[in-house]
Amino acid sequence: MANISQINMAAIVFEVQRSSRSEAKKEELCRQEMENLSHNQLSTHYMTPISA
């Protein structure tokens, strides 16, 4: 039978892993957003008509 400290440690490990996955998802969404913004700026820059 598991003692209380083992159960507590398992809960802590689970929470750290959950938090880490959540943070990784946030970072990935942020990276994708920055990539999209950068791509959109390049697209609009190259599509801007040149005035004569």
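Heads up: these notes are all about the structure in this document.

Criteria and cut-off values
Residues numbered from 1 in each chain as written. Predicted model: local features only at pLDDT ≥ 70, side-chain atom pairs only at ≥ 80, totals over all residues. Heavy atoms only, no water. Helix = DSSP H or I, 4+ residues; strand = E, 2+ residues; numbered from the N terminus. Areas by Shrake-Rupley, 256 points an atom, 1.4 Å probe, with all protein chains shown as cover. Patch = residues over 30% accessible without salt bridge, like charges linked within 9 Å, V, L, I, M, F, W, Y side chains within 5 Å. Salt bridge = Lys/Arg side-chain N within 4 Å of Asp/Glu carboxyl O. Buried < 20%, exposed > 50% of the residue type's maximum accessible area, 1.4 Å probe, protein only.

## Digging into the overall build of the chain
Here is step 1: Scanning the chain from terminus to terminus reveals 1 helix and 0 strands.
Here is step 2: Working note: accessible area of the chain is about 5200 Å², and carbon and sulfur atoms make up 62% of it.

## Considering a nonpolar patch on the surface
Here is step 1: On the surface, Met9, Ile12, Val13 and Val16 cluster together to form a nonpolar patch covering roughly 360 Å² of accessible area.
Here is step 2: Note that Met9 resides in helix H1 (residues 4-47).

## Focus: the pattern of salt bridges
Oppositely charged side chains may form a pair once their charged atoms are brought near each other.
Here is step 1: Taken as a whole, this structure holds 3 salt bridges when the rule is applied.
Here is step 2: Note that Arg31 and Glu28 form a salt bridge whose closest N and O atoms lie 2.6 Å from each other. Highlighted residues: Arg31 and Glu28, both in helix H1, separated by 3 residues, approximately one helical turn.
Here is step 3: Residue Arg31 is classed as partly exposed on the basis of its relative accessible area of 41%.
Here is step 4: The salt bridge partner of Arg31 is Glu35, with a shortest N-O separation of 2.9 Å. Placement of both Arg31 and Glu35 in helix H1 is noted, with a separation of 4 residues, approximately one turn of the helix.

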